[in-house]
Structure formats: C-alpha cells, structure tokens
Amino acid sequence: MKREPIDQFAAKQSDERRTSVRLGSNACHEKRTQVLHEDYADVDLLRKLAGQIKQHTLEHLDSYLEKAEEKLRARGVKVHFALDAEAACQSVLDILQARGAKRLVKTKTMVSEEIELLPFLERHGVECFETDLGEFIVQLDADRPSHIVKPILHKNRREIARTFQQKGLGTYDDTPEVITRRAREFLRRKYLEADVGLSGANFVSAESGRLVLVTNEGNSRFCLAAPRCHIAVVGIEKLVPDDRSLSVFLNLLARSATGQRLSVYTEFICGARSADAPDGPEEMHVIFLDNGRTEVLGTEYREILRCLRCGACLNVCPVYRQASGHAYRSVYPGPVGAVLSPLLAGKRFLELADLPKASTLCGACAEVCPVDIPIPDLLVRLRNRGKQEGAPSGATPSLGGFAKLASMPIAWKAALGMGKLVDHMPRAVQPGPLRAWQGERDLPAWRGGAFRSWFRKRGKKA
Ligand code: SF4
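So, how was this worked out
Residues numbered from 1 in each chain as written. Predicted model: local features only at pLDDT ≥ 70, side-chain atom pairs only at ≥ 80, totals over all residues. Heavy atoms only, no water. Helix = DSSP H or I, 4+ residues; strand = E, 2+ residues; numbered from the N terminus. Rg over C-alpha atoms; globule rule 2.2 N^0.38 Å. Contact = heavy atoms within 4.5 Å. Areas by Shrake-Rupley, 256 points an atom, 1.4 Å probe, with all protein chains shown as cover. Lys, Arg positive; Asp, Glu negative; His and termini not counted. Charge placed at Lys NZ, Arg CZ, Asp CG, Glu CD. Patch = residues over 30% accessible without salt bridge, like charges linked within 9 Å, V, L, I, M, F, W, Y side chains within 5 Å. Salt bridge = Lys/Arg side-chain N within 4 Å of Asp/Glu carboxyl O. Disulfide = S-S within 2.5 Å. Buried < 20%, exposed > 50% of the residue type's maximum accessible area, 1.4 Å probe, protein only. Polar contact = N/O pair within 3.5 Å; in protein donor to acceptor, adjacent residues only side chain to side chain. Expected span 1.5 Å × (residues − 1). Bend = angle between axes of the 7 residues up to and from the residue. Core = buried A, V, L, I, M, F, W, Y, C linked by side-chain atoms within 4.5 Å. Pairing = 2+ DSSP bridges. Near = heavy atom within 4 Å. Nonpolar A, V, L, I, M, F, W, Y, C, P; charged D, E, K, R; others polar. Domains from an automatic or database assignment. 1 Å grid on protein atoms, 1.4 Å probe; cavity = no way out; pocket = protein on both sides within 12 Å on 5 of 7 lines; lining within 4 Å. Points joined across faces, edges and corners; volume = space filled by probe spheres on them. Axes fitted to C-alpha atoms, helices over the stretch in contact; angles between N-to-C directions. Parallel < 35°, antiparallel > 145°, perpendicular 65-115°, else oblique. Left-handed = near helix turned anticlockwise from the far one by under 90°.

A. Spatial organisation of the overall build of the protein. In terms of regular secondary structure, the protein is built from 22 helices and 10 strands. Over its C-alpha trace the protein gives a radius of gyration of 25 Å, about what one expects of a compact globule, namely 23 Å for 462 residues. Projected onto its principal axes, the C-alpha coordinates of the protein cover approximately 90 × 55 × 45 Å. Of all intrachain contacts in the protein linking residues separated by at least 6 positions in sequence, the fraction that spans at least 24 positions is 75%. Per element, the accessible surface of the protein, about 22,400 Å² overall, is 54% carbon and sulfur. Computing the positive centroid from 69 side-chain charges and the negative centroid from 57, the protein places the two 9 Å apart.

Here it is in structure tokens:
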C-alpha cells in the first residue's frame, strides 16, 4: 500500500465520503452511549470486568488453548495451529484440495483480511464469495473495508447502485431494499453451490470448545448450513475461559459496536452436524492463528490483544472520522489499528510506525472501549518505540526553538511580522526544516498577529 501520511490522505477525501464516514460513525457512537447507559448503572464497572477476564485469559493463553483444543477434538473437530499468515492460508488450501473443493462462501472475519486469504485462494483456482453484504460490495468493487464492523461505512447507496450496475446485478437503482434483494438473490445460488463455508469466531470458550459467531444478516447460517465442510480461522486471542464469561462479552459487544442490545444472530457452534441433524457440515476444522500475537503477548503492548473488534474506538475517534479507514494502510483502522497494525507487522514495524501519531490522544477511545484497553498509553509507548528504532519523524521541527522565541516578547513580535513572508516565499529558498516539514503537510496561510491587532484596536475603543 502506498505510504501516505494520514493528514494528507484525509485532506483528499471528497465531501461526500467524509459525510458518509462522519454520519455513520456518529450514529453508532450515539446509539452505543444511549443503550449502554440506559441498561447499566455503572458501565465502567462492566468494562473493567470484561477487561480483567480478557487479560486473565491472555496471561494463561497456553493452558486455555490446550483446553479448547481438547474439547474441540473430542467433538470430532480437526484443530490446526498456524504460526503465520502463509501457514494459515496453506492450511485452508490443503483442506479444500483434500476434499476436491473448488467453491467457498465466507462470513465476515477480519482475520481472513489480515492473512489475505481470498486473494490467495483465488490464485489457486478457488471461487470465493463474501456473503456479508458490506464485504460483498467491497469484493465487487475490488475495494478494502473501511471499518471493522461496517466495511462500507465510506460508501453511500448511489455508489453501491453504480457498482451493482457495472457488475451486471441489475440496472441502476439505489433503493436500499432493491440493492439488498439483488445481493440476496445472487448469493443464495452461491451458498447452494459452495463446497466449503468459512468463518471466523467472535469468541471461543475454552471450557466447552464452543465457537460463538455474532452477525446481523444471517449469512453465517447459510454459510454453515449448505456446504459440507466448515473451516473457522480464529485468532488465538479470541479465547475466553468459560461459557459463563460469554454473558459479559455478549452484553458489551453488540451495544458497543452498533448500539444493539444483542446482535440479530448469535450462534454457538459445537462441531460438525450430528447424525440426526437436518443440515450442517459433515466436517469441521478450526485453525488457530498466531501471526505475531504471541510476540505481542510478551511486550508492554499486550493489552491490545483484549480487543473484541467492536469498532467503538473508531466511531468516536476525531482522526478516524476525518480520515476514514483506508488512511491507515492496514486491515485494522482507527485507534485499535494504530496500535495493532504496526505490532502485527513484525519486521515491517517501521513501515507503519507513523500510525500511532494519528491520534490527538484525547482519550475518547479508552473511554468507550468495552474491554478497557488503555489505547492512548499504548499509542505513546509505540511512538517512543518508533523514535528509538529510527522511524521517520515526519520532519516535525524541534519545539525548542519555538519555546525560546515565544519567551522573548520583542523577538516574538518581530517573528509575527516576518511570518507573512513565508506565504510568499518560494519553497526552494525556505529554511531546510520548514521545507522538509512541508514535504508531508500543507502549511496553512499565515494568520499570526491578528489577535494582537484586534486586542490593540479594542483597547483604543475602550
Ligand atoms: S480497541 Fe476496544 S473499542 Fe477499539 S475495536 Fe477493540 S474492543 Fe472495540
């Protein structure tokens, strides 16, 4: 992905796109706040409890993974462990090839985006279809999701109708019901033709080995009903200790993500179909993915692994609202992405080391996080790491010079007067640090001194 600083990317967004992102994220945030505070006397207490349960699970991840594996295997589920993206993709392909499978339908899962599974399978001749409406539209458009929960938050219905027309799904019609019906008609055929259904999991209970899938469209049920084989690719941080703790997370997840009290569909998957079940896959595989997670677990950033991928921190972030998801050049956008993406990048950390700077550190993300992740602290720690490892500074000039100037009234006054010259100074003759700084940002027109003259005039009038 092209390296472009977030502020420059944000400045290029069309008004239409900016409005879609702002309205969409704001609506989710307002609903979240209303529902959580209506339903719980002390939301922070619940968030802290959820954070503690997750942190405890992470600190005992090895034993919880073993427990989950044991339970899953006891029910006939084949369990695989993948160290990285390549191994996970290869495991999926091996399962497909062993079954002679050529068609796959999948539910929404961020982890498959993270390992770039679909492009990999398509290169190996597998026909793949996203079945979540937003992800389906992203796939048709050859686009990327812009939000963890609402992948097409950046699009409006006119753009979607144009895509449907271009892809042969009917003449232009931007009525939401028509768009939905056309997607449904197209995808129903794909469910029936598919050999394999692929999903992620929102949670895995170590106690019972149950996979929990939370969706709003019911597409996951179709993916897991008709195909004969179900593959779940699951990040190892999705474990929770027991079924009882699921009640804490299920109460928080939907409310934090979309402001719903409960998602429309919550599925508890215990394994492949039993002999007397009317439908469902005859074979089930779970692939637990590491892909850099255990490395993060041993660092001072480990709290980020509590993340439920609810998107609440995106919805409230002033930077995300201006820039939208694509600005983050990675699968995970917003405040969570600004922490997680550079960490999961491993040796390519420096390529994404600018992301932690894409924050005002206002703290709103930490206030809404359902698992109480101290995101601003992690951002500051990552900024320090970037500095220590030699990440480009973005040519931010030292504040030392500014501080000196600002503390000398006469020099400051003179500088204000001279500042206007910068507006008219060709870039080539500007001082080096200023020129470098402008390589990544636009310098706003000079306004220095306006307050002083206003104040002087006001004094004269008085
Ligand atoms: S960091 Fe917290 S608020 Fe952000 S997506 Fe993860 S769980 Fe949600």
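B. Focus on a nonpolar patch on the surface. Taken together, the side chains of Phe451, Trp454 and Phe455 present a nonpolar region at the surface, about 390 Å² in accessible area. Considering the arrangement of structural elements, one finds Phe451 in helix α22 (residues 450-461).

C. Region of the structure containing the state of the cysteines. Scanning the model with the defined rule gives 0 disulfides in all. As a non-bridged cysteine, Cys223 has Cys128 as the owner of its nearest cysteine sulfur, 12 Å distant. Relative accessible area serves as the criterion here: at 1%, Cys223 is assigned to the buried category. Its sulfur unpaired, Cys229 is 13 Å from the next cysteine sulfur, which belongs to Cys223. Judged by relative accessible area, which is 0%, Cys229 ranks as buried.

D. Spatial organisation of the side chain of Asp290. With respect to the helices, strands and loops of the structure, Asp290 is situated in the loop between β10 (283-289) and α13 (293-297). Among the polar contacts listed, one links the side chain of Asp290 to the backbone nitrogen of Gly292, at a separation of 3.1 Å. At 2.5 Å, the side chain of Asp290 forms a polar contact with the side chain of Thr294. Leaving out residues up to four positions away in the same chain, Asp290 has contacts with Ala82, Leu83 and Ile236.

E. Examining helix α12 (residues 243-258) more closely. For α12, which comprises 16 residues, the first-to-last C-alpha distance of 23 Å matches the rise-based estimate of 22 Å (1.5 Å per residue) to within 8%. By the largest-angle criterion, Phe249 marks the main kink of α12, which is about 25 degrees. Taking burial as the measure, the 16 residues of α12 include 12 buried ones, the bulk of the element. Listing the buried residues of α12 in full gives Ser245, Leu246, Val248, Phe249, Leu250, Leu252, Leu253, Ala254, Arg255, Ser256, Ala257 and Thr258. Positive backbone phi, at 75 degrees, marks Gly259, one or two positions downstream of α12.

F. How the structure looks around the nonpolar core. If you look at the biggest cluster of nonpolar residues, it comprises 105 residues, and the most contacted ones within it are Phe136, Phe164, Phe203, Leu211, Val286, Phe288 and Ile304. Ranked by residues supplied to this core, first place goes to α12 with 7 residues. Those residues within four positions of Val286 in sequence are excluded, and the remaining contacts are Leu72, Val77, Lys78, Val79, His80, Leu211, Ala232 and Val234. One finds Val92, Leu104, Ile115 and Leu117 within the second-largest nonpolar core, a separate group that totals 25 residues.

G. Representation of unusual backbone geometry in the model. In the Ramachandran plot, Arg309 falls in the positive-phi region, its phi being about 60 degrees despite a non-glycine side chain. Residue placement: Arg309 occurs in the loop between α13 and α14 (312-316). Although it is not a glycine, Asp372 adopts a positive phi angle of roughly 55 degrees. Inspection of the secondary structure assignment puts Asp372 in the loop between α17 (364-368) and α18 (375-388).

H. Looking closely at the sheet that holds strand β9 (residues 265-269). An order of β8-β5-β6-β9 is seen for the 4 strands of this open sheet, with the pairing classed as mixed. Of all the strands in the sheet, just β8 (239-240) and β9 have a single pairing partner and so form its edges. Across 2 bridges, the pairing between strand β5 (residues 203-205) and strand β6 (residues 211-215) is antiparallel. What sits directly across from Val204, in β6, is Leu211.

I. Molecular detail of the site of the ligand. Around the ligand lies a shell of 13 residues, among which Cys307, Leu308, Cys310, Cys313 and Cys369 are the nearest. When the residues that make up the shell around the ligand are grouped by side-chain class, the tally is 11 nonpolar, 1 polar and 1 charged.

J. Region of the structure containing the domain arrangement of the protein. The domain architecture assigned to the protein consists of domain 1 (40-291) and domain 2 (404-461). Here the C-alpha centre of domain 2 lies 53 Å away from the C-alpha centre of domain 1.

K. Here's a closer look at empty space enclosed by the protein. Taken as a whole, this structure holds 2 cavities of 30 Å³ or more when the rule is applied. Of the pockets and cavities examined, the largest cavity occupies roughly 90 Å³. Lining the largest cavity are 15 residues; nearest its centre among them are Cys307, Cys313, Val336, Cys369 and Ile373. In terms of residue class, the lining of the largest cavity is made up of 13 nonpolar, 1 polar and 1 charged. There is about 70 Å³ of room inside the second largest cavity. Together, 14 residues line the second largest cavity, and Cys317, Pro318, Ser359, Cys362 and Cys365 are the ones closest to its centre. Broken down by class, the residue content of the lining of the second largest cavity amounts to 11 nonpolar, 3 polar and no charged.

L. Structural view of the packing of helix α16 (residues 334-344) against α18. Put simply, α16 and α18 touch, their axes get as near as 10 Å, and they point 40 degrees apart. As summarised for this structure, α16 and α18 are arranged oblique, according to the angle between their axes. Here the hand of the crossing between α16 and α18 comes out left-handed. Here α16 contributes Pro335, Ala338, Val339 and Leu343 to the contact with α18, which in turn contributes Ile375, Leu378, Leu379, Leu382 and Arg385. Of the residues contributing to the contact of α16 with α18, the split by class is 8 nonpolar, no polar and 1 charged.

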